[in-house]
Each structure stands twice: as structure tokens, then as C-alpha cells.
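Here is how the chains run, residue by residue.
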Amino acid sequence: MRYFFCRLLPSWVMGLVLLCSLGAHEVQAACFPQGGTQACNRGACVGTQTCDEYWSDCSYSPVSTQSCSVCGRSGFITCDTEGDLISGSCTAYGVEVCNNCDDDGDGLVDEGLTAGACDPLSNGCSGTMTCVAGGWTCVIPTDKKLTCGNQCGAEAYRQCGTDGSLAPCTRVTASAETCNGCDDNRDGIVDNAQGQGADTLTTTCVGPNGVCPGSTKNCAGGQWSSQCIAPPEQCNGLDDDCDGAFDEGGICRSDPLTCQCQPWTCAQLGMNCGSVPNGCGGMLECGGCPAGQSCGAGGLPNVCGTTNGCIPVTVSEACAGKNCGSASDGCGDSYSCGTCAGYNSCGGGGTPGVCGCTPLTQTTACNGKDCGLVSNGCGNTLDCGTCDSPKSCGGSGTPNVCGCTPTSKVAACAGKNCGQVSNGCGGFHDCGSCASPQSCGGGGTPNVCGCTPVPKVTACNGKNCGSVPAGCGDTYSCGTCTGTNSCGGGGASNVCGCAPMTKLQACGLAELECGSTTNGCGGSIICGPCPTGTFCKAGVCEGDLDTRRSQDSSSGLFSR
């Protein structure tokens, strides 16, 4: 139990003040008027106290007077309910934006900020617009790959670079390098001879008379060149320049009159079996074939092979109606029919060996998404819809998904100390309440405690005296009364007036039985005449007492 030991101070010390001892050292002052308020603070944390017999504890505002700055925005450090500054707080914190700064105070910079799909080179290497170091950048996943269809004769893909560029088609399973625009042996280089650069792959030319020893043609753009690089014709019974003629142009003439003939060899003819002319009227025996092979079975005369009578088709025949991928020559080898560019892939449009692209359907492209534009996989976009307010597309950090990131209470209530404020996502934060006589917004500023006094003209309307409330704990004086009037004397509060006394009240108060006296309001009252034979002197009838007494009973102030 707490005991109060009190003493009175003189009334001239701000009215009557009662000091009560709450303990050995604790003293609390009584206050007036009841409901009044006064400012209080604990350092930079400010608040108000309310008079309820004694001053209440300080009710601190959540916003201090100590300034702070976040990402160039000014604000104030916030206070807890005990009046202590909250370390690391600032009303300038808000929603994270792309500015290379920690806007929301979570220790991370520009986190989770995206702005939908992107395709920097319009080639199918799509990513997500992402805020990086204060700027928007298209971030493409490191595992992003596009299929090459049938271009490489087997499963292959094109790797997307971080800048949106496309690497060459690379087979999933390594094989010998062929001229097809692909990296068949997975060494990172297209159509190359072992250990050399791109397009260094070569092969021997095949002329009308078969293989042309010493000749080469190059692989370029995934196809064998039509130009054959052959040595000059020599007098050797061979088609050295691969033009279909032997020792043409008089190459074997030693003089104008005499012709000489140099017999061919089987090696020079590129043959290893059977009998062949030696070019000088004789025959060459080039031998037999090993077990499992027969002479000419591979399609080349006098050459051992395994497929009897196979003659390869030309590249134009093999690639007829095709513009990509590989086509069989009919004898176990293949030709490259070309490569595809951009979003197209070989067979991507549904026709094998033809470059094309099959766009994604709306359902597939927008699966798991409900807003914004997404790529259809073929260079165009599809609209997945719009969001209803207060949601926005990607507002929760997931691209193409409607969402909303609510404003924190500290940010929403910055500069406010009462009532409810929106969190920006359909909800609310409670910023506190006000102590009487203040009300939320009462000072004209929404969500800020305040009080707007009633104008004196309004407060004193119809009144001309006394004190009336001003509406915020203060009062107005409406004036004073003069003469016989008093404030409220006529029966109406704060209005000067006078209620005249009755005859009984006025004459009885003055102890008069005759003559006149004041009615208290500037008028007079006749207290009555004296009986016959008497006269009024100083308000008292004097004369024949018997006559006076007989008439007293029937007239005058006290007549019966």
C-alpha cells in the first residue's frame, strides 16, 4: 500500500497545489485543469502528458526530432514507447528501388528488383530484366540453351552467353568432326581439323574420274566448297587438276613431232584392285581385296569397298528441299545442308531439315504467370494479363506475377502519430492515438494529433459575459456586466441580466411597510400606503395606533 503525505501551498502559487510524498524521495505535483496537457521529452524523443489529478507518464511520439538520412532522403530517427531512440531506424526508409542503395534498411542493396522478360539480341536467348548496381540489366541464366534440331545429325544445343550471344551448335555426345556447322568433337571449335581453327576441315576432291589425289576442298559455313584446289596437270596418266581429262594440253609432248607416254601406276590412279589401263595401251594389275571387301563395292571403280555398287548422290540432290542439318549421301557419309540463324532451329517449324520456329502457345508461355509480356520463343511476345490495384506486375519480386510489397509501419507512419494509414497493399498500419483534448487530425493535418480552437466569435456567439471553453483546454472571456446586471443574472448562462425582486422580497428585505424601495434592477416597488390617520415616515407608518392596528389587518404589505 502507498501512503500519501500532503501539504498545501498558497493559492497564489498557480492555484491550489497539493504536494504529496509518495515515498522517502518521490514527490509528485497535483495539476489542473483536469484534462490539460503539457509537452515532455527524453532527449530527442518528445511527447505529451495529460492532467488527471496528477501528470501522467509521458506518451512519446514514434518520431523523434533527431534527423537522419537514407539514400539521399531526409527523415527522423524513431522512438520506442519508453522514449529511447531506436538504433538504426529512420523514417526515410521505404520500398527498395533500383539506385544502388539499401532503401528498406535490410542490409541488402537493390535486392529482388526485376522488370519482366528480356531478349537483348532477339535470338531466343531470353532472361530477366534485373537491377544490378543501380542499373537495369538483362540477366540470362548461365544454363540457358537452345536446341539445334537435326542440324548435327544427333542431339545438339547452342549455349546462350551472358550478353545474349549464341555459341555454335555442339553435339551432346562427341563424334568425329564433319562439315556441318557443328562442333561435333566438342573441342569448342566448329568444322576444324584437329588442333586448328574454325573451317579448317578439308577433304579430297572427287572428279568425273573418281578421287583426285593431291586435291583439296574446304569446309565453309557448314558446307563443302564447290571450288577444288588441285595441282597442275602433269604427264603421268592421272587427272591431276580434277577436270575429267588426263594429261591434257600436250603436257606429255617432248618435241613438236614426237609423243611420249608415261604409264600410270595403281597408286597414281588411287586404285587398289582389279585391272586398269596404264594410259599407254597396257594394263595394270592393282591386286585383290581383303576378306569382307570386294573391288568397286564402295562405289569407286578398282577400289576395295564393303557396299557393292554404291554411288553417292550429289549434295544438291541430298539437300533438295532442305536448308539445314545433314543429309545422307546414300553411301554411309553425309552432307551439311546449312545452319539456321536467330530464333530458328533446324526442324523447329515442324519440317525436318528446314529452318523454322514454332511459337509457344499463350497457355504454355504464361504458365505460372498472370501479367506482363513474355517471349513466345520466336521473336514476338504474348500478353499474360494485367493486375488489379493495388497489385502490380512483379510487385512482390516475381517477374510476370501480380503482387504487392506492403510499406513498413515505420515508413507509412513517418511524420504521423495517430489513426490508420494505408500500407499500400489494401491493409493498414495503426500510427497511435491522441491524448485529450487533442484529436487525430484536429490541428488540420491528417494523422497528426492536434487541436483547433473554436474562434472566439463562435464561442461567444449569443454570450456577452463570463468565460467559455475555447475547445483546446483554454477559455475565452466574453465580457463583463455593468450596473445592476450580473453574468447569468437573467437566467441565461454567460448573458448579462437581472431578475427583479418581488414586492415581498424587496419590501421585506428593506423592512418597509410603506413608501417605495428598489426592485434590485434599477426599478422601484411601492410597499403600500399607511392607514388613515397615520403617515409614512422612513418606511414606517406613524400616527393613531388604534386606527393603524385596525387597518393593518385589511391593508398594507402585511395585510391578511
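Here the structure is a predicted model, which means the values were calculated and not measured.

1. Quick look at the overall build of the protein chain
Next, step 1: Looking only at helices and strands, the protein chain features 7 helices and 45 strands.
Next, step 2: Counting all 560 residues of the protein chain, 30% fall into the buried class.
Next, step 3: When contacts within the protein chain are restricted to residue pairs at least 6 apart in sequence, long-range pairs at least 24 apart make up 23% of them.
Next, step 4: Put simply, the protein chain shows about 31100 Å² of open surface, and 53% of that area lies on carbon and sulfur atoms.

2. What to know about the packing of aromatic side chains
Next, step 1: Under the criterion given, the structure shown has 0 aromatic pairs.
Next, step 2: Cation over ring: K145 sits above Y157, and NZ or CZ is 4.2 Å from the ring centre.

3. Structural notes on the sheet that holds strand β17 (residues 202-203)
Next, step 1: On the basis of which strands lie adjacent, the open sheet formed by 3 strands has the order β17-β20-β21 and antiparallel pairing. Every interior strand has two partners, whereas the edge strands, β17 and β21 (223-224), have only one.
Next, step 2: As defined by bridge partners, β17 adjoins strand β20 (residues 217-220) across 2 bridges and the pair is classed as antiparallel. Considered in β20, the bridge of T202 is made with N218.

4. Focus on the state of the cysteines
Next, step 1: Enumeration over the complete set of coordinates arrives at 35 disulfides.
Next, step 2: There is a disulfide in this structure between C212 and C242, and the S-S distance comes to 1.9 Å. Between C212 and C242, the S-S dihedral sits near 75°, and the bridge is therefore right-handed. Taken as a pair, C212 in the loop between β19 (210-211) and β20 and C242 in the loop between β21 and α1 (266-269) lie far apart in primary sequence, 30 residues in all.
Next, step 3: For C242, a relative accessible area of 14% puts it in the buried group.

5. Comments concerning the pairing of strand β43 (residues 524-528)
Next, step 1: Across 4 bridges, the pairing between strand β42 (residues 515-518) and β43 is antiparallel. Each residue of the ladder has a partner; that of T517, found in β43, is I525.
Next, step 2: As consecutive antiparallel partners, β42 and β43 are separated by 5 residues, and within that stretch G520 has a phi angle of approximately 90°, a positive value.

6. Describing the side chain of E177
Next, step 1: Here E177 shows up in the loop between β15 (169-171) and β16 (182-183).
Next, step 2: Here E177 is buried and forms no salt bridge, its nearest opposite-charge partner R171 lying at an N-O distance of 8.4 Å.
Next, step 3: One polar contact links the side chain of E177 to the main-chain amide nitrogen of D184, over a distance of 3.1 Å.
Next, step 4: Not counting residues within four places of it along the chain, the set of residues in contact with E177 comprises C182, D183, D184, N185, I189, V190, D191, N192 and L201.

7. Comments concerning the sheet that holds strand β11 (residues 127-132)
Next, step 1: Reading across from one edge, β10-β11-β12 is the order of the 3 strands in this open sheet, with antiparallel pairing throughout. Looking at which strands have only one partner, the edges of the open sheet turn out to be β10 (114-118) and β12 (135-139). When the angles between neighbouring strand axes are averaged without regard to direction, this sheet yields 30°.
Next, step 2: Across 5 bridges, β11 lies against β12 in antiparallel orientation. Within β12, the position partnered with C131 by the bridge is W136.

8. With respect to the nonpolar core
One broad rule of soluble globular proteins: the nonpolar side chains tend to lie buried together.
Next, step 1: Listed in full, the 7 residues of the largest apolar core are L238, W264, C266, L269, V276, L284 and C286.
Next, step 2: When residues no more than four places from it in sequence are discounted, the contact partners of C286 are C266, M271, N272, C273, G274 and V276.
Next, step 3: Counting 6 residues, the second largest nonpolar core, distinct from the first, contains C118, C125, L146 and C160.

9. Topic: a nonpolar patch on the surface
Next, step 1: Where nonpolar side chains cluster on the molecular surface, the patch consists of V206, V211 and L300 and spans about 240 Å² of accessible area.
Next, step 2: The class for V206 is exposed, based on a relative accessible area of 58%.

10. Notes on the environment of D329
Next, step 1: With respect to the secondary-structure elements, D329 resides in the loop between β26 (325-328) and β27 (334-338).
Next, step 2: Placed 11 residues apart in sequence, D329 and A318 show a C-alpha to C-alpha distance of 6.2 Å.

11. A look at the pattern of salt bridges
Next, step 1: Taken as a whole, this structure holds 2 salt bridges when the rule is applied.
Next, step 2: R42 serves as the salt-bridge partner of D84, at 3.5 Å between the closest nitrogen and oxygen. Placement of the pair is D84 in the loop between β9 (73-78) and β10 and R42 in strand β4 (residues 37-42), with a sequence separation of 42 residues.
Next, step 3: Overall, R42 belongs to the partly exposed group, its relative accessible area being 45%.
Next, step 4: Residue R73 is joined to D103 by a salt bridge in which the shortest nitrogen-to-oxygen separation is 3.0 Å. Of this pair, R73 sits in strand β9 while D103 sits in the loop between β9 and β10, placing them 30 residues apart in sequence.

12. Section: the confidence of the model for the protein chain
Next, step 1: In this model, the protein chain carries an average pLDDT of 82, and 88% of its residues clear a pLDDT of 70 or more.
Next, step 2: Here strand β1 (residues 5-8) stands out as the least confident element of the protein chain, with mean pLDDT 40; strand β7 (residues 59-60) is the most confident, with 93.
Next, step 3: Across residues 554-560 the pLDDT falls below 50, and counting only partners more than four positions away or on other chains, this stretch makes 13 contacts in the model.

Cut-off values and rules
- Residues numbered from 1 in each chain as written.
- Predicted model: local features only at pLDDT ≥ 70, side-chain atom pairs only at ≥ 80, totals over all residues.
- Heavy atoms only, no water.
- Helix = DSSP H or I, 4+ residues; strand = E, 2+ residues; numbered from the N terminus.
- Buried < 20%, exposed > 50% of the residue type's maximum accessible area, 1.4 Å probe, protein only.
- Contact = heavy atoms within 4.5 Å.
- Areas by Shrake-Rupley, 256 points an atom, 1.4 Å probe, with all protein chains shown as cover.
- Phe/Tyr/Trp six-rings, centres within 6.5 Å; stacked < 30°, edge-to-face > 60°.
- Lys NZ or Arg CZ within 6 Å of the ring centre and 35° of its normal.
- Pairing = 2+ DSSP bridges.
- Disulfide = S-S within 2.5 Å.
- Lys, Arg positive; Asp, Glu negative; His and termini not counted.
- Salt bridge = Lys/Arg side-chain N within 4 Å of Asp/Glu carboxyl O.
- Polar contact = N/O pair within 3.5 Å; in protein donor to acceptor, adjacent residues only side chain to side chain.
- Axes fitted to C-alpha atoms, helices over the stretch in contact; angles between N-to-C directions.
- Core = buried A, V, L, I, M, F, W, Y, C linked by side-chain atoms within 4.5 Å.
- Patch = residues over 30% accessible without salt bridge, like charges linked within 9 Å, V, L, I, M, F, W, Y side chains within 5 Å.
- pLDDT = per-residue confidence, 0-100.

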